[in-house]
Amino acid sequence: MRTRTYPAAAALAAALVLASCGSGDDDAGDGLQVDASFYPLEFVVERVGGDLVDVGGITPPGADPHSLELSPAQVAEIDAADLVVYIPTLQAAVDEALAVTEPAAVFDAADASGVTEESLAHDPHLWLDPELMEGIAGGIADRLTELDPDNADVFAANAEGLVADLQELDTAYADGLADCAGATLVVSHDAFGYLADRYGLDQVGISGINPDAEPSPARLREVGAIVEENDVHTIFFEVITSPDVTRALADDIGVETAVLDPIEGQTDADADYIDVMYANLEALQAGLTCGG
Ligand SMILES: [Zn+2]
């Protein structure tokens with residue numbers, strides 16, 4: 001008896017292993033395959049989609065999304081996705097890939113955030129404004145619901161949780177920077193325009209919208225003059241893009257430097273979008289010259 005049941009049990013166990021592998025693969029295949037063009041959008045899709053989506057990031061961690069280049073395999077992945085989430089104009093490579101591929105659905109996060117085409121054309125860095133992120137969270141929930149209507153309640157509840165976190169963040173910024181209206185915010189590149197507008201700061205970017213552009217000596221002199229005129233004591237640089245120019249300028253004019261993260265990628269796996277936004281708020285409170 002034992003000699004007969006043993007192989008049967010072994011066969012059953014083997015079958016179960018196979019079945020569980022199979023169902024594991026099926027789970028992966030059944031979850032919506034969402035490609036998010038860079039980290040802040042990955043964060044929103046993960047929060048809203050939860051376990052029901054498989055999120056792939058198009059921009060590798062630590063890479064600069066502005067100058068991203070795509071491999072043929074990545075373009076094929078975009079083509080095969082159930083949903084691609086992106087911000088038009090931020091990444092030329094993604095715009096170009098979407099022009100030659102046919103993913104099942106495409107989500108324009110800029111449109112969902114409510115920014116006008118005109119402001120998008122001027123500046124794509126809308127994820128640094130928590131209120132604009134709220135629009136993206138709601139829009140993602142709607143789009144995921146279209147693709148998977150059975151889970152509408154899950155997406156709605158997840159989006160609600162994210163929106164509550166974003167509202168709390170917004171309140172913390174509004175309160176934390178209440179005395180800073182009109183303060184001059186000197187940054188490596190023009191990533192903080194929407195944030196500056198929302199909380200009444202005056203952004204001065206050293207390199208412009210694209211961090212790869214080298215500022216001219218004339219621009220550096222200009223920024224130096226603004227720093228002196230406005231009693232700026234700290235200028236901010238970034239984690240991903242090279243801070244050399246910012247540091248050299250700070251040394252030159254004798255001011256401090258601090259890190260302000262434009263969250264163009266996730267630089268620390270233990271700190272998500274919300275965590276980094278709070279860290280940025282602390283850096284702003286410490287570094288800006290605010291009234292009392
Ligand atoms: Zn940027």
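Residues numbered from 1 in each chain as written. Predicted model: local features only at pLDDT ≥ 70, side-chain atom pairs only at ≥ 80, totals over all residues. Heavy atoms only, no water.

1. Digging into the state of the cysteines
Point 1. Inspection of every chain in the model, using the stated rule, returns one disulfide.
Point 2. Across a sulfur-sulfur distance of 2.0 Å, Cys-180 and Cys-290 are joined as a disulfide pair. One disulfide, between Cys-180 and Cys-290, carries an S-S torsion of 90 degrees and so falls in the right-handed class. With Cys-180 in the loop between helix 8 (152–176) and strand 5 (184–187) and Cys-290 in the segment after helix 12 (273–287), the pair connects residues that are 110 residues apart, well separated along the chain.
Point 3. Taking the relative accessible area as the measure of exposure, Cys-180 reaches 3% and is therefore buried.
Point 4. We classify Cys-290 as partly exposed; its relative accessible area is 29%. (Disulfide = S-S within 2.5 Å. Helix = DSSP H or I, 4+ residues; strand = E, 2+ residues; numbered from the N terminus. Buried < 20%, exposed > 50% of the residue type's maximum accessible area, 1.4 Å probe, protein only.)

2. Some remarks on the nonpolar core
Point 1. If you look at the biggest cluster of nonpolar residues, it comprises 62 residues, and the most contacted ones within it are Val-48, Ile-87 and Tyr-273.
Point 2. Counting residues domain by domain, this core receives three or more from each of domain 1 (12–173) and domain 2 (179–287).
Point 3. Once residues within four sequence positions are removed from consideration, Ile-87 is found in contact with Ser-37, Phe-38, Leu-41, Asp-95, Ala-109, Ala-110, Leu-120, Pro-124, Leu-126 and Trp-127.
Point 4. Core analysis: the next-biggest nonpolar cluster, separate from the first, contains ten residues, Ile-206, Val-227, Val-232 and Val-255 among them. (Core = buried A, V, L, I, M, F, W, Y, C linked by side-chain atoms within 4.5 Å. Domains from an automatic or database assignment. Contact = heavy atoms within 4.5 Å.)

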